[in-house]
Amino acid sequence: MTTREKNLSLVAAGMAVLAVLFLLVKSLLLDPAERLDTAAAAFVKKINDTAAENRLKDHYAAKLKKLAERTFGDDPKRIDAEVSANLLSMLEGSELNKQRFSLQPLTGTPKKGVYSELGWTVRASGKLDKVVKFLYLLASDRHLHQLEALSLTPLRSGGDVDLSLRYMTLVMDKPGGLTWPATRPAATMPASQPATQDSKTYDIIVARDIFRPYVPRKVDPAPVAAPPQVAPPTTIQPRPTDPPLESRLKIVGLPQWGNQSEILVHDTFTGELKKLKVGDKFGGGRIVMVDYRLMPMPQRPQILSGSRIILLLNKNYWAVELGQFLADKRQLEQGQLPLQLQGSPASMPVEGQRTANNNAMPVEKS
């Protein structure tokens, strides 16, 4: 072997030794060090995030306590009594008719470990100024609450207005280490309190009389020269046809007085408002029930509908939601029906019977 070949062999052997040493150092030192650096960076980020949350903990705890001070407490039975008394106090303050006032409890969607919702469907009627005063007292209530599905419907007789809404409040769960204060908001402000700027804002609704039909002002026409005589057109314009009845009739109110339900139907073409009751003929069928269960709205399941009518039409049950036209009716499957309607469509509910869990009204024989 020549000297040159010996030198090349030594160089190759040295490079191989260096490669093996690099692999050993990488596997024993460099790779573990890189993993430890990555883990350390993750721990530092987690520590920073936790520290940021802890810095806000006192702020959120104080805010949560302030909200808890405005609730009715954490005892559902006591809350039911206090809310009923609170709403009746507002009713008396607004001078609405007690005989035409109803409360129906309902349960909202709970958020486990945070809060649960309690609610009531409120129905009342009276003159527009009394109803507006009741709405003002509701808006002035310092208790933690939310108003949903507010509906005002004018009545044809007496100039009264039907009011329907949902009053929702919260029962807040107690996170670990927190206690709720015993103080609660004062009762709703008395109706005799002097008018404020906020209450005067509501007076605009009464002054405008929003349900009064528009009557154009009569203006004396200026004298004009007589138009020249022209021959009448030879073509006769076709008379426009009335829109289909199903697209004109709209369910605008489903009030309940005691054990009786009313169905208010508005003809949007003629402006007529008609009152029906359970058992009356409607839309080619017969109204068999007013259903007050909370169910998702058709085509918009994220919104809950609180009432509807159920028709028996061609031996099938159909539903028309409050606020829908008759043309929007949809056929109900057996699983969507109240318990007393499940089974054969020909078997009508017994008169005077009532659902146990949905406050629906049975058939009233005419």
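Analysis parameters
Residues numbered from 1 in each chain as written. Predicted model: local features only at pLDDT ≥ 70, side-chain atom pairs only at ≥ 80, totals over all residues. Heavy atoms only, no water. Pairing = 2+ DSSP bridges. Helix = DSSP H or I, 4+ residues; strand = E, 2+ residues; numbered from the N terminus. Axes fitted to C-alpha atoms, helices over the stretch in contact; angles between N-to-C directions. Contact = heavy atoms within 4.5 Å. Salt bridge = Lys/Arg side-chain N within 4 Å of Asp/Glu carboxyl O. Buried < 20%, exposed > 50% of the residue type's maximum accessible area, 1.4 Å probe, protein only. Parallel < 35°, antiparallel > 145°, perpendicular 65-115°, else oblique. Left-handed = near helix turned anticlockwise from the far one by under 90°. Nonpolar A, V, L, I, M, F, W, Y, C, P; charged D, E, K, R; others polar. Expected span 1.5 Å × (residues − 1). Polar contact = N/O pair within 3.5 Å; in protein donor to acceptor, adjacent residues only side chain to side chain.

Draft legend 1. Region of the structure containing the sheet that holds strand S3 (residues 146-154). The sheet built from four strands is open, its strands ordered S1-S2-S4-S3 with antiparallel pairing. With partners counted over all chains shown, the strands left at the sheet margins are strand S1 (102-107) and S3, one partner each. For this sheet, the mean inter-axis angle between neighbouring strands, taken without regard to orientation, is 15°. Pairing analysis gives 12 bridges linking strand S2 (residues 115-126) to strand S4 (residues 161-172), with the strands arranged antiparallel. Residue pairing in the sheet places Gly126 in a bridge with Val161 of S4. Together, S2, S3 and S4 form the strand contacts of helix H3 (residues 128-140), whose direction differs from that of S4 by roughly 10°.

Draft legend 2. Up close: the sheet that holds strand S5 (residues 249-253). Judged by pairing direction, the sheet is antiparallel, and its three strands sit side by side in the order S5-S8-S9 without closing on themselves. The open sheet has two edge strands with one neighbour each: S5 and strand S9 (273-276). Averaged over neighbouring strand pairs, the angle between their axes works out to 35° when direction is ignored. The pairing of S5 with strand S8 (residues 263-267) spans four bridges and is classified as antiparallel. What sits directly across from Gly253, in S8, is Leu264.

Draft legend 3. Region of the structure containing the pattern of salt bridges. What the rule picks out here adds up to 13 salt bridges. A salt bridge links Asp31 to Lys26, with the nearest nitrogen and oxygen atoms 3.0 Å apart. A relative accessible area of 22% means that Asp31 is categorised as partly exposed. One salt-bridge network, held together by shared partners, links Asp291, Arg293, Arg308, Glu321 and Arg330.

Draft legend 4. Main features of the pairing of strand S14 (residues 308-313). Burial runs high along S14: six of the six residues are buried. By the alternation rule, side chains of S14 split into Arg308, Ile310 and Leu312 and Ile309, Leu311 and Leu313, which are all buried. Relative to S14, strand S11 (residues 285-291) is paired through five bridges, and the arrangement is antiparallel. What sits directly across from Asp291, in S14, is Arg308. Sheet topology places S14 next to strand S15 (residues 316-321); six bridges connect them, and they run antiparallel. Across the sheet, residue Leu313 finds its bridge partner in S15, namely Asn316. Where S14 folds back on S15, the antiparallel hairpin that results is connected by two residues, among which Asn314 adopts a positive phi of roughly 55°.

Draft legend 5. Quick peek at the packing of helix H2 (residues 76-94) against H3. Running from N to C, H2 and H3 point in directions that differ by 140°, and their axes come no closer than 8 Å. It follows from the interaxial angle that H2 and H3 lie oblique. Where H2 crosses over H3, the two elements pack in a sense that is right-handed. In contact with Leu87, Met90, Leu91, Gly93 and Ser94 of H2, H3 contributes Lys130, Lys133, Phe134, Leu137 and Leu138. Classifying every residue of the contact of H2 with H3 gives six nonpolar, two polar and two charged.

Draft legend 6. Structural context of H2. If you check H2, its first and last C-alpha atoms are 27 Å apart, about what 19 residues at 1.5 Å a residue would give, namely 27 Å. Among all positions of H2, only Ile79, Val83, Ser84, Asn86, Leu87, Met90, Leu91, Gly93 and Ser94 are buried. Contacts made by the buried residues of H2 are with S1, S2, H3 and S4. Glu95 sits one or two residues past H2 and shows a positive phi near 65°.

Draft legend 7. Here's a closer look at the side chain of Glu321. Examined against the element boundaries, Glu321 turns out to sit in strand S15. The exposure class of Glu321 is buried, given its relative accessible area of 0%. There is a polar contact of 2.8 Å between the side chain of Glu321 and the side chain of Arg330. The contact partners of Glu321, leaving out residues within four places of it in the chain, are Ile251, Met297, Pro298, Ser305, Ser307, Arg308 and Arg330.

Coordinates in, geometry out; function isn't part of it.
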